[in-house]
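Chain residues, written in single-letter form:
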Amino acid sequence: AQSVTQLGSHVSVSEGALVLLRCNYSSSVPPYLFWYVQYPNQGLQLLLKYTTGATLVKGINGFEAEFKKSETSFHLTKPSAHMSDAAEYFCAVSDTLGYSTLTFGKGTMLLVSP
Amino acid sequence: DVKVTQSSRYLVKRTGEKVFLECVQDMDHENMFWYRQDPGLGLRLIYFSYDVKMKEKGDIPEGYSVSREKKERFSLILESASTNQTSMYLCASSLYRAGNTIYFGEGSWLTVV
């Protein structure tokens, strides 16, 4: 069975600071990996995903993530936080075969202060 | 643009009532999903469907059932609502194969009193 661990239920940064949200997965084979963002009272929106190819993946709103197989990690980063980045972020994994069901982490709330 | 529409954003129901949550997608996607979201627990899969009239249990199917009579519509049914089913419910859809983006609706907040 797959699982996802997001380190830190809340992460606080100052505007302009580096954003780092951590995600580690457990899977018998390398999975597909996703980051979603949820703004208050909204559904989830895809930020980026890794399926094949380059292990450094760029997404929307200046975010990127790097798939590191040896560390079973897929950490999300952004060089400079903006107030509008305040939201909840979810890391998710799926099998590479068959259906595309996702297993989600518990989420990390990003707080951005002026 | 991709669109997953959940019929009700906010519902208040009484214990024991039968509750229907409706979801429609306009992208001709094969897969449709119902997730439940609770603070500190993330999203948990209740049921999914990969074709009309087909359904598979997710991680927490107890107390729920689903119906998919048409490709674009996927309904979640709470046969007898209980207070521990108070939660945010998210519908989603995707193309069949793993790795395809899963698109989410805006969610339905259900309160059972």
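Look above for the structure.
Reading guide: rules and limits
Residues numbered from 1 in each chain as written. Chains lettered and ligands numbered in written order. Predicted model: local features only at pLDDT ≥ 70, side-chain atom pairs only at ≥ 80, totals over all residues. Heavy atoms only, no water. Contact = heavy atoms within 4.5 Å. Buried area = accessible area lost by both parts, 1.4 Å probe. Helix = DSSP H or I, 4+ residues; strand = E, 2+ residues; numbered from the N terminus. Nonpolar A, V, L, I, M, F, W, Y, C, P; charged D, E, K, R; others polar. Phe/Tyr/Trp six-rings, centres within 6.5 Å; stacked < 30°, edge-to-face > 60°. Buried < 20%, exposed > 50% of the residue type's maximum accessible area, 1.4 Å probe, protein only. Pairing = 2+ DSSP bridges. Axes fitted to C-alpha atoms, helices over the stretch in contact; angles between N-to-C directions. Core = buried A, V, L, I, M, F, W, Y, C linked by side-chain atoms within 4.5 Å.

## Considerations on the interface of chain B and chain A
Contact residues are listed per partner, giving 29 residues for chain B and 25 residues for chain A. Both faces combined, the contact of chain B with chain A buries some 1900 Å², and carbon together with sulfur accounts for 57% of it. Only strand S4 (31-38), strand S5 (42-49) and strand S9 (87-94) of chain B provide two or more residues apiece to the side of chain B that touches chain A. For the side of chain B that touches chain A, the residue count by class is 16 nonpolar, 9 polar and 4 charged.

## Observations concerning the packing of aromatic side chains
Within the structure shown, the criterion is met by 13 aromatic pairs over all chains. Arranged with centres 5.9 Å apart and planes meeting at 65°, the rings of Tyr64 of chain B and Tyr89 of chain B form a pair that is edge-to-face. With a gap of 25 residues between them, Tyr64 of chain B in strand S7 (residues 64-70) and Tyr89 of chain B in strand S9 connect regions that are remote in the sequence. Overall, Tyr64 of chain B belongs to the buried group, its relative accessible area being 7%. For Tyr89 of chain B, a relative accessible area of 0% gives the class buried. Clustering of aromatic rings is evident, with ring pairs tying together Phe34, Tyr36, Phe90 and Phe104 of chain A together with Phe33, Tyr35, Phe48 and Phe104 of chain B.

## Concerning the sheet that holds strand S8 (residues 73-78) of chain B
Hydrogen bonds along the backbone pair up the strands of a sheet, which may run parallel or antiparallel. Residue and element names in this part refer to chain B. Taken together, 4 strands build an open sheet; the order of strands is S1-S3-S8-S7 and the sheet is antiparallel. The sheet is open, and its two borders are formed by strand S1 (4-6) and S7, each paired with just one other strand. On average, each strand axis in the sheet is inclined to that of its neighbour by 20°, with strand direction left out of account.

## Quick notes on the nonpolar core
Ranked by internal contacts, the top residues of the largest apolar core, which has 27 residues, are Trp35, Leu48, Leu76 and Tyr89 of chain A. Non-local contacts of Tyr89 of chain A, meaning those with residues more than four positions away in its chain, are made with Gln6, Leu21, Trp35, Tyr36, Val37, Leu47, Phe63, Leu76, Gly107, Thr108 and Leu110 of chain A.

## Concerning the environment of Gln85 of chain B
Residue and element names in this part refer to chain B. Secondary-structure assignment places Gln85 in the loop between S8 and S9. A residue is classified by how much of its surface remains accessible, and Gln85, at 5% relative accessible area, is buried. When the C-alpha atoms of Gln85 and Asp51 are compared, they prove to be 26 Å apart, with 34 residues separating the residues in sequence. Discounting chain neighbours no more than four positions away, the residues touching Gln85 are Arg36, Gly63, Tyr64, Leu78, Ser80, Leu110 and Val112.

## Examining the pairing of strand S1 (residues 3-7) of chain A
Where a strand is regular, its side chains alternate between the two sheet faces. Residue and element names in this part refer to chain A. Residues Val4 and Gln6 of S1 are buried on one face, while the alternating residues Ser3, Thr5 and Leu7, pointing to the opposite face, are not. As judged from the 5 bridges shared by S1 and strand S3 (residues 19-26), these two strands associate in the antiparallel manner. By the bridge assignment for S3, Val4 is matched with Tyr25.

In short, geometric facts, not functional conclusions.
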